[in-house]
Amino acid sequence: MGMAIDHKAKNSAGALDTPTSVDTEGDVVARAEAAIERIAAARREIGHVIYGQEAVIEHALVAILSGGHALLVGLPGLAKTLLVDTLGTVLGLDDKRVQFTPDLLPADILGSEILEEDENGKRHFRFLKGPVFCQLLMADEINRASPRTQSALLQAMQEKQVTIAGKRYELPHPFHVLATQNPIEQEGTYPLPEAQLDRFLLQIDITYPTLEAERAMLVATTTGKKATASQAISAQELENIQSLVRAMPVGEQVVDGILSLVRSARPSAAGSKGLGVAQAGGDVSAEEGRKDLIWGPGPRAAQALMLGVRARALIDGRFAPSLDDVAALAPAALKHRMAMSFHARAEGQTIEAIIAELVAKL
């Protein structure tokens, strides 16, 4: 590894210290070990409230530890809201929820200026902060709001700041958006534009729980005391872990695998001839592109995977990511960044099948 990074070791109380100096490989290991303990404790606390759904919890943590946002897609009643609320508690984040509706205005999210008059009769404007000024924002049923309101989140998600009446306001740190969406009830909704979809690090599909998980949930939630979760990580520690994720080394094989996967998921018009990337089996030329796609992942998808595989390695108790991490995160990182052609849809192809085919080539 041998690269200079900010130092962060574990203090006598077991907490993660903030970076103070430049250090070496041994400090990466010390920081990673401390982070792994904290993440394991957070997963245990989340498990007290969310039954089963291990992959969903893992992907949600990957998105947050990577410093990104996530789109939760699932039917009503699958604990999407409860998951976000629990994450806010366990990670020590100031969380707020906004129910998106067709009549929701940008000012309802960002805030607005009001005219006030002081005791001397002098009038002035005062900015009232909206719910976006938090550390974890839940945008519930985001596709029910108008495009104008949806776009109000774009600057906040990308730049971690908002502009009101020409003045910029910084958002709290860290800042994450976890948006939810119902996959079946599309009447009266506004599909998210590609530009906003690309801002989400991962799309997390939430399915029905297993029989064992649903049995445990049924017994726990209808009898006795309601289960609760406790804080396991502070907001400052979370930011330190996020900086560690960016400092973790990634092997050339993993980097080449990410590039190969992302570039091969682009349509024919976006194919880059002659610019090859190395794969596990040796140097190969990049594919010319797929004719069954009309839109494919851009560089943000590769960035999402580069961050996500590091975070997943930490969650799994490892110090470096592997190609298995790339394969595990590929659907969540690529699905919302791809669109099939009309001909492919008519033939019954699916985005999931295309991604599985590409992953099999890693």
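Residues numbered from 1 in each chain as written. Predicted model: local features only at pLDDT ≥ 70, side-chain atom pairs only at ≥ 80, totals over all residues. Heavy atoms only, no water.

Asker: Outline the packing of aromatic side chains, supporting the account with residue identities and numerical values.
Answerer: Following the criterion strictly, the structure yields two aromatic pairs and no others. Consider the rings of Phe127 and Phe133, whose centres lie 5.9 Å apart with planes at 70°: the pair is edge-to-face. Accessibility expressed as a relative area gives 13% for Phe127, which makes it buried. When the centroid spacing of 4.2 Å and the interplanar angle of 20° are considered together, the rings of Phe127 and Tyr169 count as stacked. Of this pair, Phe127 sits in strand β6 (residues 123–129) while Tyr169 sits in strand β9 (residues 167–170), and the two are 42 residues apart along the sequence. The class of Tyr169 is buried, set by a relative accessible area of 14%. The rings of Phe127, Phe133 and Tyr169 are connected pair by pair, giving a single aromatic cluster. (Phe/Tyr/Trp six-rings, centres within 6.5 Å; stacked < 30°, edge-to-face > 60°. Buried < 20%, exposed > 50% of the residue type's maximum accessible area, 1.4 Å probe, protein only. Helix = DSSP H or I, 4+ residues; strand = E, 2+ residues; numbered from the N terminus.)

Asker: Account for helix α9 (residues 252–264), with residues named and values stated.
Answerer: When the terminal C-alpha atoms of α9 are compared, their 18 Å separation across 13 residues agrees well with the 18 Å that a helix rising 1.5 Å per residue should span. Listed in full, the buried residues belonging to α9 are Val254, Asp256, Gly257, Ile258, Ser260, Leu261, Val262, Arg263 and Ser264. (Expected span 1.5 Å × (residues − 1).)

Asker: Tell me about the pairing of β9, residues and numbers included.
Answerer: Strand direction decides the pairing type here: strand β8 (residues 161–164) and β9, joined by four bridges, are antiparallel. From the neighbouring strand, Val162 faces β9, where its bridge partner is Tyr169. Hairpin connection, β8 to β9: the antiparallel pair is bridged by two residues, and Ala165 has positive phi, about 50°. (Pairing = 2+ DSSP bridges.)

Asker: Can you tell me about the pattern of salt bridges, naming the residues and giving the values?
Answerer: On inspection of all chains with the given rule, the structure shows 14 salt bridges. A salt bridge links Arg290 to Glu357; the shortest N-O distance between them is 3.3 Å. Of this pair, Arg290 sits in the loop between β13 (282–284) and β14 (293–295) while Glu357 sits in helix α13 (residues 351–359), and the two are 67 residues apart along the sequence. Owing to a relative accessible area of 10%, Arg290 belongs among the buried residues under this scheme. Measuring nitrogen to oxygen at the nearest pair gives 2.7 Å for the salt bridge that ties Glu352 to Lys335. (Salt bridge = Lys/Arg side-chain N within 4 Å of Asp/Glu carboxyl O.)

Asker: Please provide a residue-by-residue account of the sheet that holds strand β7 (residues 136–140), values included.
Answerer: Strand order in this open sheet of five strands is β4-β7-β10-β3-β11, and the pairing throughout is parallel. What marks the edges here is a single partner per strand, and that holds for β4 (95–99) and β11 (202–206). Neighbour to neighbour, the strand axes of the sheet diverge by 20° on average, direction disregarded. Where β4 and β7 come together, five bridges link them in parallel fashion. (Axes fitted to C-alpha atoms, helices over the stretch in contact; angles between N-to-C directions.)

Asker: Explain the nonpolar core to me, and be specific about the residues and the numbers.
Answerer: One finds Leu83, Leu87 and Leu314 to be the most contacted residues of the largest nonpolar core, which totals 74 residues. It is helix α10 (residues 299–315) that provides the largest number of residues to this core, a total of 10 residues. For Leu83, the residues in contact, after removing those within four places along its chain, are Ile46, Ile50, Val56, Ile57, Ala60 and Leu72. Core analysis: the second largest hydrophobic core is formed by 29 residues, Val73, Ile109, Leu137 and Val162 among them. (Core = buried A, V, L, I, M, F, W, Y, C linked by side-chain atoms within 4.5 Å. Contact = heavy atoms within 4.5 Å.)

Asker: An account of unusual backbone geometry is needed here, citing residue identities and associated values.
Answerer: Residue Pro174 is reached from His173 by a cis peptide bond, and omega for that bond is -10°. A positive phi angle is found at Glu141, which is not glycine, with a value near 55°. Within the secondary structure, Glu141 is located in the loop between β7 and α5 (147–159). You can call Glu141 partly exposed: its relative accessible area is 22%. Despite not being glycine, Lys160 has its phi angle at roughly 60°, a positive value. Among the secondary structure elements, Lys160 is positioned in the loop between α5 and β8. Owing to a relative accessible area of 22%, Lys160 belongs among the partly exposed residues under this scheme.

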